[in-house]
Amino acid sequence: SAVISQKPSRDICQRGTSLTIQCQVDSQVTMMFWYRQQPGQSLTLIATANQGSEATYESGFVIDKFPISRPNLTFSTLTVSNMSPEDSSIYLCSVRTSGGAYGEQFFGPGTRLTVL
Amino acid sequence: AQSVSQHNHHVILSEAASLELGCNYSYGGTVNLFWYVQYPGQHLQLLLKYFSGDPLVKGIKGFEAEFIKSKFSFNLRKPSVQWSDTAEYFCAVSPGDTGFQKLVFGTGTRLLVSP
(Lines give C-alpha, C1' and ligand atoms only; values in the text may rest on other atoms or scores of the structure.)
Protein backbone atom coordinates (compact mmCIF):
# COMPACT_ATOMS: atom_id res chain seq x y z
CA SER A 1 0.00 0.00 0.00
CA ALA A 2 0.96 3.67 -0.02
CA VAL A 3 0.11 6.70 2.06
CA ILE A 4 -0.66 9.73 -0.06
CA SER A 5 -1.01 13.33 1.05
CA GLN A 6 -2.26 16.25 -0.97
CA LYS A 7 -1.92 19.99 -0.47
CA PRO A 8 -4.02 22.02 -0.23
CA SER A 9 -6.97 20.01 1.01
CA ARG A 10 -9.31 22.69 -0.26
CA ASP A 11 -9.20 26.13 -1.78
CA ILE A 12 -11.46 28.84 -3.08
CA CYS A 13 -10.04 30.68 -6.07
CA GLN A 14 -10.98 33.52 -8.33
CA ARG A 15 -11.71 33.07 -11.99
CA GLY A 16 -8.64 33.49 -14.19
CA THR A 17 -6.11 32.46 -11.55
CA SER A 18 -4.12 29.22 -11.27
CA LEU A 19 -3.71 26.72 -8.48
CA THR A 20 -1.00 24.13 -8.02
CA ILE A 21 -1.87 20.96 -6.14
CA GLN A 22 0.85 18.83 -4.62
CA CYS A 23 0.84 15.08 -4.16
CA GLN A 24 3.37 13.38 -1.90
CA VAL A 25 3.71 9.61 -1.45
CA ASP A 26 5.45 7.91 1.44
CA SER A 27 7.30 5.46 -0.81
CA GLN A 28 8.58 5.23 -4.36
CA VAL A 29 5.84 4.31 -6.79
CA THR A 30 5.83 3.21 -10.37
CA MET A 31 2.94 5.30 -11.58
CA MET A 32 1.11 8.42 -10.49
CA PHE A 33 -2.20 9.62 -11.83
CA TRP A 34 -4.41 12.68 -11.54
CA TYR A 35 -8.21 12.43 -11.55
CA ARG A 36 -11.03 14.90 -11.45
CA GLN A 37 -14.35 14.31 -9.73
CA GLN A 38 -16.89 16.91 -10.70
CA PRO A 39 -19.94 17.45 -8.50
CA GLY A 40 -22.29 14.49 -8.78
CA GLN A 41 -20.07 12.70 -11.27
CA SER A 42 -17.57 9.91 -11.28
CA LEU A 43 -13.80 10.07 -11.35
CA THR A 44 -12.26 10.98 -14.68
CA LEU A 45 -8.61 10.42 -15.42
CA ILE A 46 -6.86 13.64 -16.39
CA ALA A 47 -3.36 12.30 -17.02
CA THR A 48 -0.61 9.93 -16.04
CA ALA A 49 2.33 11.74 -14.50
CA ASN A 50 5.59 10.43 -15.91
CA GLN A 51 8.81 10.86 -14.03
CA GLY A 52 11.21 13.15 -15.84
CA SER A 53 9.06 13.52 -18.95
CA GLU A 54 5.84 15.06 -20.11
CA ALA A 55 2.63 13.68 -18.68
CA THR A 56 0.31 11.56 -20.80
CA TYR A 57 -3.05 13.28 -21.09
CA GLU A 58 -6.43 11.71 -21.67
CA SER A 59 -8.78 12.86 -24.34
CA GLY A 60 -10.29 16.21 -23.45
CA PHE A 61 -7.43 17.32 -21.24
CA VAL A 62 -4.48 19.41 -22.41
CA ILE A 63 -1.14 20.39 -21.00
CA ASP A 64 -1.78 24.12 -21.25
CA LYS A 65 -4.78 23.81 -18.95
CA PHE A 66 -3.44 21.12 -16.61
CA PRO A 67 0.37 21.21 -16.54
CA ILE A 68 1.80 18.35 -14.50
CA SER A 69 5.22 17.76 -13.09
CA ARG A 70 6.78 14.66 -11.59
CA PRO A 71 10.38 15.34 -10.63
CA ASN A 72 10.89 12.08 -8.74
CA LEU A 73 9.22 8.81 -7.75
CA THR A 74 7.36 10.20 -4.75
CA PHE A 75 6.08 13.63 -5.76
CA SER A 76 3.90 15.23 -8.41
CA THR A 77 2.07 18.49 -8.96
CA LEU A 78 -1.01 19.37 -10.97
CA THR A 79 -1.73 22.97 -11.90
CA VAL A 80 -5.20 24.07 -12.86
CA SER A 81 -4.60 27.10 -15.06
CA ASN A 82 -6.77 30.08 -15.93
CA MET A 83 -9.57 28.70 -13.82
CA SER A 84 -13.27 29.06 -14.48
CA PRO A 85 -16.24 27.96 -12.36
CA GLU A 86 -16.43 24.79 -14.47
CA ASP A 87 -13.11 23.72 -12.93
CA SER A 88 -14.75 23.43 -9.52
CA SER A 89 -14.12 19.80 -8.64
CA ILE A 90 -12.28 17.45 -6.38
CA TYR A 91 -8.84 16.67 -7.76
CA LEU A 92 -7.35 13.36 -6.71
CA CYS A 93 -3.88 11.95 -6.92
CA SER A 94 -3.48 8.20 -7.12
CA VAL A 95 -0.57 5.83 -7.38
CA ARG A 96 0.26 2.33 -8.41
CA THR A 97 2.99 0.71 -6.38
CA SER A 98 5.73 -1.54 -7.74
CA GLY A 99 4.32 -4.50 -5.84
CA GLY A 100 0.76 -3.65 -6.67
CA ALA A 101 -1.42 -5.75 -8.88
CA TYR A 102 -2.22 -4.50 -12.31
CA GLY A 103 -4.84 -1.76 -12.19
CA GLU A 104 -4.88 -1.48 -8.42
CA GLN A 105 -4.42 2.10 -7.32
CA PHE A 106 -4.28 3.95 -4.03
CA PHE A 107 -5.86 7.34 -3.71
CA GLY A 108 -5.06 10.51 -1.87
CA PRO A 109 -7.60 12.49 0.15
CA GLY A 110 -8.29 14.89 -2.70
CA THR A 111 -8.23 18.65 -3.12
CA ARG A 112 -11.61 20.33 -3.17
CA LEU A 113 -11.43 23.33 -5.48
CA THR A 114 -14.12 25.98 -5.75
CA VAL A 115 -13.77 28.64 -8.42
CA LEU A 116 -15.80 31.81 -8.06
CA ALA B 1 -17.92 3.84 -26.46
CA GLN B 2 -16.19 1.79 -23.80
CA SER B 3 -17.66 2.52 -20.42
CA VAL B 4 -18.60 1.32 -16.98
CA SER B 5 -22.23 1.54 -15.89
CA GLN B 6 -23.66 1.49 -12.42
CA HIS B 7 -27.41 1.32 -12.61
CA ASN B 8 -28.32 2.47 -9.11
CA HIS B 9 -27.31 6.01 -8.29
CA HIS B 10 -28.91 6.09 -4.86
CA VAL B 11 -29.86 3.16 -2.67
CA ILE B 12 -31.54 3.36 0.72
CA LEU B 13 -31.69 0.27 2.91
CA SER B 14 -32.48 -0.60 6.47
CA GLU B 15 -29.90 -2.34 8.60
CA ALA B 16 -29.76 -6.12 8.06
CA ALA B 17 -31.19 -5.82 4.56
CA SER B 18 -29.31 -7.47 1.71
CA LEU B 19 -27.43 -5.38 -0.80
CA GLU B 20 -26.68 -5.85 -4.46
CA LEU B 21 -25.18 -3.08 -6.56
CA GLY B 22 -24.99 -3.60 -10.28
CA CYS B 23 -21.97 -2.91 -12.48
CA ASN B 24 -21.64 -3.55 -16.19
CA TYR B 25 -18.78 -2.71 -18.49
CA SER B 26 -18.45 -2.56 -22.22
CA TYR B 27 -14.83 -3.62 -22.78
CA GLY B 28 -14.53 -6.68 -24.97
CA GLY B 29 -11.08 -7.87 -23.99
CA THR B 30 -9.44 -8.91 -20.77
CA VAL B 31 -10.13 -6.67 -17.81
CA ASN B 32 -9.32 -6.45 -14.15
CA LEU B 33 -12.24 -5.40 -12.01
CA PHE B 34 -12.50 -3.43 -8.81
CA TRP B 35 -14.92 -2.01 -6.33
CA TYR B 36 -13.81 1.06 -4.43
CA VAL B 37 -15.62 2.65 -1.51
CA GLN B 38 -15.58 6.18 -0.13
CA TYR B 39 -16.92 6.55 3.39
CA PRO B 40 -18.08 10.00 4.49
CA GLY B 41 -15.10 12.24 5.07
CA GLN B 42 -12.59 9.60 4.00
CA HIS B 43 -10.75 8.93 0.82
CA LEU B 44 -11.34 6.31 -1.76
CA GLN B 45 -10.21 2.86 -0.76
CA LEU B 46 -10.20 -0.56 -2.34
CA LEU B 47 -13.03 -2.87 -1.33
CA LEU B 48 -12.22 -5.86 -3.50
CA LYS B 49 -10.66 -6.87 -6.80
CA TYR B 50 -10.86 -9.56 -9.44
CA PHE B 51 -8.06 -10.57 -11.79
CA SER B 52 -8.65 -14.21 -12.63
CA GLY B 53 -9.73 -17.53 -11.16
CA ASP B 54 -12.79 -17.96 -8.98
CA PRO B 55 -15.33 -15.45 -10.25
CA LEU B 56 -16.71 -14.95 -6.75
CA VAL B 57 -14.33 -12.73 -4.84
CA LYS B 58 -14.49 -11.65 -1.25
CA GLY B 59 -13.39 -8.31 0.07
CA ILE B 60 -13.28 -6.46 3.31
CA LYS B 61 -16.19 -6.01 5.70
CA GLY B 62 -18.19 -8.95 4.39
CA PHE B 63 -18.54 -7.70 0.83
CA GLU B 64 -18.29 -9.98 -2.16
CA ALA B 65 -18.61 -9.58 -5.90
CA GLU B 66 -19.31 -11.96 -8.73
CA PHE B 67 -17.78 -11.68 -12.16
CA ILE B 68 -20.05 -12.98 -14.91
CA LYS B 69 -18.09 -12.79 -18.12
CA SER B 70 -21.02 -13.51 -20.41
CA LYS B 71 -22.92 -10.59 -18.94
CA PHE B 72 -19.94 -8.24 -18.64
CA SER B 73 -20.98 -7.74 -15.05
CA PHE B 74 -19.30 -7.45 -11.68
CA ASN B 75 -22.05 -6.96 -9.11
CA LEU B 76 -21.31 -6.19 -5.50
CA ARG B 77 -23.20 -7.95 -2.72
CA LYS B 78 -23.50 -8.06 1.02
CA PRO B 79 -26.00 -10.30 2.79
CA SER B 80 -26.69 -7.96 5.70
CA VAL B 81 -25.73 -4.29 5.64
CA GLN B 82 -24.83 -2.18 8.63
CA TRP B 83 -25.22 1.52 9.29
CA SER B 84 -21.45 1.84 8.88
CA ASP B 85 -21.75 0.71 5.25
CA THR B 86 -23.20 4.10 4.37
CA ALA B 87 -20.82 5.30 1.67
CA GLU B 88 -20.39 5.83 -2.03
CA TYR B 89 -19.40 2.75 -4.02
CA PHE B 90 -17.55 2.87 -7.31
CA CYS B 91 -17.06 0.05 -9.78
CA ALA B 92 -13.88 0.34 -11.83
CA VAL B 93 -12.36 -1.49 -14.75
CA SER B 94 -8.73 -1.74 -15.78
CA PRO B 95 -8.67 -2.73 -19.46
CA GLY B 96 -6.05 -5.09 -20.75
CA ASP B 97 -5.62 -3.05 -23.90
CA THR B 98 -4.15 -0.28 -21.76
CA GLY B 99 -1.74 -2.75 -20.21
CA PHE B 100 -3.94 -2.58 -17.14
CA GLN B 101 -2.38 0.83 -16.53
CA LYS B 102 -5.61 2.77 -16.25
CA LEU B 103 -8.78 2.69 -14.21
CA VAL B 104 -12.13 3.62 -15.69
CA PHE B 105 -14.78 4.33 -13.09
CA GLY B 106 -18.50 4.00 -13.06
CA THR B 107 -20.69 6.86 -11.91
CA GLY B 108 -20.93 5.58 -8.36
CA THR B 109 -23.78 4.51 -6.10
CA ARG B 110 -24.59 6.32 -2.91
CA LEU B 111 -25.75 3.88 -0.26
CA LEU B 112 -27.59 5.10 2.81
CA VAL B 113 -28.25 2.54 5.52
CA SER B 114 -30.76 3.62 8.11
CA PRO B 115 -30.43 2.24 11.62
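In this text the structure is predicted, and so the values were computed from the model without any measurement. (Residues numbered from 1 in each chain as written. Chains lettered and ligands numbered in written order. Predicted model: local features only at pLDDT ≥ 70, side-chain atom pairs only at ≥ 80, totals over all residues. Heavy atoms only, no water.)

Looking at the overall build of chain A
Phase 1 of the analysis: Counting its secondary structure elements, chain A contains zero helices and eleven strands.
Phase 2 of the analysis: In chain A, the order of α-helices and β-strands from amino to carboxyl end is β-β-β-β-β-β-β-β-β-β-β.
Phase 3 of the analysis: For chain A, the spread of C-alpha atoms along the three principal axes comes to 40 × 25 × 25 Å.
Phase 4 of the analysis: Put simply, of all contacts in chain A between residues at least 6 apart along the chain, 55% involve residues at least 24 apart.
Phase 5 of the analysis: Total accessible area computed for chain A in this model is approximately 5300 Å², and 48% of it derives from carbon and sulfur atoms. (Helix = DSSP H or I, 4+ residues; strand = E, 2+ residues; numbered from the N terminus. Contact = heavy atoms within 4.5 Å. Areas by Shrake-Rupley, 256 points an atom, 1.4 Å probe, with all protein chains shown as cover.)

Points about the environment of T74 of chain A
Phase 1 of the analysis: As for its placement among the helices and strands, T74 of chain A is situated in the loop between β7 (68–72) and β8 (75–80).
Phase 2 of the analysis: Those residues in contact with T74 of chain A, other than ones at most four positions away along the chain, are C23, Q24, V25, S27, Q28 and M32 of chain A.

Thoughts on the pairing of strand β5 (residues 43–49) of chain A
Residues and elements named next belong to chain A.
Phase 1 of the analysis: Burial of β5 is extensive: six of the seven residues sit out of reach of the surface.
Phase 2 of the analysis: Where β5 meets strand β6 (residues 56–57), two bridges bridge the pair, whose relative direction is antiparallel. Looking at the pairing, A47 lines up with Y57 of β6.
Phase 3 of the analysis: In this structure, the hairpin formed by β5 and β6 is closed by a connection of six residues, where G52 is found at a positive phi of approximately 75°. (Buried < 20%, exposed > 50% of the residue type's maximum accessible area, 1.4 Å probe, protein only. Pairing = 2+ DSSP bridges.)

As for the interface of chain B and chain A
Phase 1 of the analysis: Each partner contributes residues to the interface: chain B has 19 residues there, and chain A has 17 residues.
Phase 2 of the analysis: Taken over both partners, the interface formed by chain B and chain A buries close to 1500 Å², and the fraction arising from carbon and sulfur atoms is 54%.
Phase 3 of the analysis: Summed over the shared surface of chain B and chain A, the result is two salt bridges.
Phase 4 of the analysis: Our count for the contact surface shared by chain B and chain A stands at five residue pairs in polar contact (both at pLDDT 80 or more). (Buried area = accessible area lost by both parts, 1.4 Å probe. Salt bridge = Lys/Arg side-chain N within 4 Å of Asp/Glu carboxyl O. Polar contact = N/O pair within 3.5 Å; in protein donor to acceptor, adjacent residues only side chain to side chain.)

Topic: unusual backbone geometry
All names here are of chain A.
Phase 1 of the analysis: Between K7 and P8 the backbone carries a cis peptide bond, its omega angle lying at -10°.
Phase 2 of the analysis: Structurally, P8 can be placed in the loop between β1 (4–7) and β2 (10–13).
Phase 3 of the analysis: In this model, N82 sits at a positive phi of 45°, which is unusual for a non-glycine residue.
Phase 4 of the analysis: Inspection of the secondary structure puts N82 in the loop between β8 and β9 (89–96).

Section: the side chain of S42 of chain A
Phase 1 of the analysis: If you trace the backbone, S42 of chain A turns up in the loop between β4 (31–37) and β5.
Phase 2 of the analysis: With relative accessibility at 10%, the residue S42 of chain A sits in the buried group.
Phase 3 of the analysis: Excluding its chain neighbours within four sequence positions, the residues that come into contact with S42 of chain A are R36 and Q37 of chain A together with F90, F105, G106 and T107 of chain B.

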